Amino acid sequence: MTDTVLAVLNQPSRDAAPHDPSADAFTFAAPLEEHLQVQDLGIIRGDGVFETITVVDGRPQALEAHLTRFERSARMLDLPLPDLAAWRRAVEAVCAELDPVREAFAKTVLTRGVEGSDRPTGWVYAAPSGDSTAARTEGISVVTLDRGYRHDVERTSPWLLQGAKTLSYAVNMAALREAARRGADDALFVSTDGYVLEGTRANLVMSVGGRLVTPRTDIGILAGTTQADVFRFAEEAGIETAYELVTMADLRAADALWLVSSVRQAAPIRRVDGTDVAVDADLTERINTFLLARRS
């Protein structure tokens, strides 16, 4: 057992040749040793996709939903499609090798590989998660930032890959640094035509008149696996849910707000652009209890 685990896939996609025809589907490797070639397109161009999967008590959560989105993102980038059976085995294997901890994560990464090789690169890395207690209980502050696109960008400009979970996260990281410069913990992107989109690494969920509402997933944002499970919680609790276009006025009028994501789960928003907003501590606790108790 160990505190970090890495599995490198030999044939990440059945649409491409294996790196070694005689090797197993994946091999465990030392996480801190060199594994990538310097010309791998995932490194030099961000040409790849990934998923981050919450692991609770050794069990990967929402694994099938993550694998489905992993494949969808690969399709959007015209990558060789991931062999989901091999990836599933690799995820389960790294989770089994981790030291027993309450919360961890497993990250799947698929790149186009070295240019001209026609062999994608794939790996699964697992490690204990950081402590998200403060974010879940005390809440977070956010600022709103212009995304630079209209809300219909996914339809008008599909080559911009909005809605795919790609390795190209430089803009998201720049937005996080801008949020920190403004004294906030995270950022919420807003379209140029005034619609609230998503966080840098999370989906927005709002409590509105007894309903839970999230921005529509056809407006160039990533469809969230954790958000989907929050809605599953709501439906089991008899709470109405909806996907809607959300304006800044809607955001300000909401009864409560959350950013929801793998690892951090549901983090209540306590301040938006320097203005305090109400936090529903009871509902937050119920949501996070549900999320952390998931078995799949």
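All figures in this text were calculated on a predicted structure; none of them were measured in a lab.

What counts and how
Residues numbered from 1 in each chain as written. Predicted model: local features only at pLDDT ≥ 70, side-chain atom pairs only at ≥ 80, totals over all residues. Heavy atoms only, no water. Helix = DSSP H or I, 4+ residues; strand = E, 2+ residues; numbered from the N terminus. Buried < 20%, exposed > 50% of the residue type's maximum accessible area, 1.4 Å probe, protein only. Contact = heavy atoms within 4.5 Å. Areas by Shrake-Rupley, 256 points an atom, 1.4 Å probe, with all protein chains shown as cover. Lys, Arg positive; Asp, Glu negative; His and termini not counted. Charge placed at Lys NZ, Arg CZ, Asp CG, Glu CD. 1 Å grid on protein atoms, 1.4 Å probe; cavity = no way out; pocket = protein on both sides within 12 Å on 5 of 7 lines; lining within 4 Å. Points joined across faces, edges and corners; volume = space filled by probe spheres on them. Core = buried A, V, L, I, M, F, W, Y, C linked by side-chain atoms within 4.5 Å. Pairing = 2+ DSSP bridges. Phe/Tyr/Trp six-rings, centres within 6.5 Å; stacked < 30°, edge-to-face > 60°. Lys NZ or Arg CZ within 6 Å of the ring centre and 35° of its normal.

Draft legend 1. Summary view of the overall build of the protein. Per the secondary structure count, the protein includes nine helices and 15 strands. The buried share among the 296 residues of the protein stands at 52%. Restricting the contact set of the protein to residue pairs at least 6 apart, pairs at least 24 apart contribute 70%. Total accessible area on the protein is roughly 13,600 Å²; 49% of this is exposed by carbon and sulfur atoms. Positive and negative charge centroids in the protein, built from 31 and 43 side chains respectively, lie 2 Å apart.

Draft legend 2. Representation of the layout of surface pockets. In this structure, the largest pocket spans a volume of roughly 980 Å³. Lining of the largest pocket is provided by 40 residues; of these, F50, K165, Y169, T200 and R201 occupy positions nearest its centre. Residue assignment for the lining of the largest pocket shows that the elements contributing at least two residues are β3 (48-56), α2 (63-76), β5 (103-111), α6 (170-181), β9 (196-199), α7 (225-236) and β13 (256-261). Examining the composition of the lining of the largest pocket, we find that three residues originate from one element, α7, more than from any other. Estimates place the volume of the second largest pocket at around 410 Å³. Lining the second largest pocket are 21 residues; nearest its centre among them are V8, H19, H35, L36 and T121. Put simply, the parts of the chain that give the lining of the second largest pocket at least two residues each are β1 (5-9) and β6 (121-128).

Draft legend 3. Spatial organisation of the nonpolar core. Counting residues in hydrophobic clusters, the biggest one holds 28 residues, and the most contacted among them are V94, A106 and V124. Elements that contribute at least two residues to this core include exactly β1, β3, α2, α3 (84-97), β5 and β6. Within the second largest apolar cluster, 20 residues are counted, among which are I140, V142, A254 and V272.

Draft legend 4. Representation of the sheet that holds strand β2 (residues 26-29) within the structure. The six strands lie next to each other as β2-β1-β6-β5-β3-β4, forming an open sheet whose pairing is antiparallel. The sheet terminates laterally at β2 and β4 (59-60), the two strands that pair on one side only.

Draft legend 5. Expanded view of the pairing of β6. The buried fraction of β6 amounts to six of the eight residues, a majority that puts the element mostly inside the structure. With eight bridges joining them, β5 and β6 adopt antiparallel strand pairing. Bridging from a neighbouring strand, F105 pairs with A127 of β6.

Draft legend 6. Inspection of the environment of R72 at higher detail. Looking at the element boundaries, R72 is found in helix α2. By relative accessible area, which is 36% here, R72 ends up partly exposed. Once the C-alpha coordinates of R72 and A164 are considered, the two residues, 92 residues apart in sequence, prove to be 7.5 Å apart. Excluding anything up to four places from it in sequence, R72 contacts E154 and G163.

Draft legend 7. Just the packing of aromatic side chains, in detail. All chains considered together, the criterion is met by six aromatic pairs. Relative to W87, the ring of F70 lies with its centre 4.9 Å away and its plane at 75 degrees, an arrangement referred to as edge-to-face. One end of the pair, F70, is in helix α2; the other, W87, is in helix α3, with 17 residues separating them in the sequence. Looking at F70, the relative accessible area reads 1%, which means it is buried. Measuring from centroid to centroid gives 6.2 Å for F105 and Y125, while their planes differ by 55 degrees, and the two rings are tilted. Remark: Y125 occurs in strand β6 and F105 occurs in strand β5; sequence separation between them is 20 residues. Residue class for Y125 comes out partly exposed when judged on its relative accessible area of 26%. Seen from the ring of F189, R147 lies directly overhead, with NZ or CZ sitting 4.5 Å from the centre.

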